[in-house]
Amino acid sequence: WKQSRQELLRCVEHVLRALLGLAPLPSTGPQPTWERVLAACRAQGLLDDAGAVPALTATATAGPLLLILDDNFYYRSMRHEVYQLARKYSLSFCQIFLECPLECCLQRNRQRSHPVPDETICLMATKIEMPDPKKNTWERHSLVLRSSEGAVEDDRQIMALLATALENPERPHEENTEQKDADRAACAASAVHRVDQACRRIISQAMKDTKDHNILRSELRSLAEELNRLKAEFLEDLRQGDNLKTQTCAQDEHSDPAASAISSFQHEVMTTVNKYILK
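What counts and how
- Residues numbered from 1 in each chain as written.
- Predicted model: local features only at pLDDT ≥ 70, side-chain atom pairs only at ≥ 80, totals over all residues.
- Heavy atoms only, no water.
- Helix = DSSP H or I, 4+ residues; strand = E, 2+ residues; numbered from the N terminus.
- Buried < 20%, exposed > 50% of the residue type's maximum accessible area, 1.4 Å probe, protein only.
- Contact = heavy atoms within 4.5 Å.
- Salt bridge = Lys/Arg side-chain N within 4 Å of Asp/Glu carboxyl O.
- UniProt positions renumbered as here; feature names shortened; annotations may be inferred.
- Expected span 1.5 Å × (residues − 1).
- Arc of directions from axis to C-beta.
- Axes fitted to C-alpha atoms, helices over the stretch in contact; angles between N-to-C directions.
- Parallel < 35°, antiparallel > 145°, perpendicular 65-115°, else oblique.
- Left-handed = near helix turned anticlockwise from the far one by under 90°.
- Nonpolar A, V, L, I, M, F, W, Y, C, P; charged D, E, K, R; others polar.

### Considering the overall build of the chain
- For the chain, the helix and strand inventory stands at 9 helices and 2 strands.
- Ordered by position from the N terminus, the helices and strands of the chain form the series α-α-α-β-α-α-β-α-α-α-α.
- In the chain, which comprises 279 residues, the share counted as buried stands at 30%.
- By sequence separation, contacts in the chain at least 24 residues apart represent 65% of the contacts at least 6 residues apart.

### Some remarks on the pattern of salt bridges
- One pass over the structure, following the stated rule, counts 10 salt bridges.
- A salt bridge links Glu139 to Arg79; the nearest nitrogen and oxygen atoms lie 3.0 Å apart. Residue Glu139 is found in the loop between helix 5 (118-127) and strand 2 (142-146), and its partner Arg79 is found in helix 3 (residues 76-88); the two are separated by 60 residues along the sequence. In this structure, Glu139 and Arg79 share a single accessibility class: buried.
- Between Glu153 and Arg156 there is a salt bridge; the shortest N-O distance is 2.8 Å. With a gap of 3 residues between them, Glu153 and Arg156 both fall in helix 6 (residues 152-167), about one helical turn apart.
- Three or more residues are tied together by salt bridges with common partners; here these are Arg76, Arg79, Glu129 and Glu139.

### Observations regarding the UniProt feature "coiled-coil region" (unreviewed entry) in the chain
- The UniProt record annotates "coiled-coil region" (unreviewed entry) at residues 213-240.
- The straight-line gap between the two end C-alpha atoms of residues 213-240 is 36 Å; of that span, 82% is helix and 0% is strand.

### Here's the deal with helix 3
- Between its first and last C-alpha, helix 3 extends 18 Å over 13 residues, near the 18 Å set by a 1.5 Å rise per residue.
- Taken as a whole, helix 3 has its buried residues at Met78, Arg79, Val82, Tyr83, Leu85 and Ala86. Across the axial projection of helix 3, the buried residues extend over an arc of 155 degrees, all falling on one side.
- Against helix 1 (2-19) and strand 1 (95-99) lie the buried residues of helix 3.
- Positive phi appears at Ser90, one or two residues downstream of helix 3, with a value of about 55 degrees.

### Description of the environment of Gln84
- When you line up the elements, Gln84 lands in helix 3.
- For Gln84, a relative accessible area of 37% translates into the label partly exposed.
- Counting along the chain gives 89 residues from Gln84 to His173, while the straight-line C-alpha distance between them is 9.4 Å.

### Focus: the packing of helix 1 against helix 3
- It is at 11 Å that the axes of helix 1 and helix 3 come closest, and there the two elements cross at 20 degrees. Taken together, the axes of helix 1 and helix 3 are roughly parallel relative to one another. Regarding helix 1 and helix 3, the two cross each other, and that crossing is right-handed. Where helix 1 approaches helix 3, its residues Arg5, Gln6, Leu9, Val12, Glu13 and Leu16 are matched on the opposing element by Met78, Glu81, Val82, Leu85 and Lys88.
- Residues of the contact of helix 1 with helix 3, tallied by class, amount to 6 nonpolar, 1 polar and 4 charged.

Dropping the structure here:
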């Protein structure tokens, strides 16, 4: 079923891109879904029967085009996929949820020519997720109707919902690149500062440990100069991004770029100190 939904969404996107003049309608697509979609478009007068790739008719731009996806959509995530498609192309999106009591569903199912097992209906009733506009802003254009009743008022509510959705098309997601660059720079500066402080502590501890090995004072001065030069070069490399990945500010040690850089510097310090100790 998941594969079928994905195929249908791809077909819908093909049709949308053609209607919006973004790309020609492909001659082939997911089978047999694609043929059914083309047949439905021809039946609605959206496509003609001229060639292998049907041309769009004037009907497509004559007025608002309402594309209805009629399905259970029992998980909210299924409906969100359709919303993302609408947002991608700056189209309107709305959803109508038909709330029907379980007993009514079971009764209607038994009257069908090919009913499904009652267990299937009962399971669906436990899984289905109603729209929640308060929690999910993308569900703001939603309408809940009791399908066991039906009234003229329902028609008015549906028309009002469609009008509101058409007047407020979805906007594509836009990344705030300036803010991301600023955050990345702040993250990098913070990471370099942390590494600098840690390097100072590492050098201080290394010098204390080296003194315990009765190293000559002149060699201690040489070691201090070499370690400070090593720190300066290391920090400059970090600022240039050679040894520090500043794309993210992670919290745990395993993915923290600063922690990784500190560990690398500590290893270089130990290597340098050993040259003096092991002479």
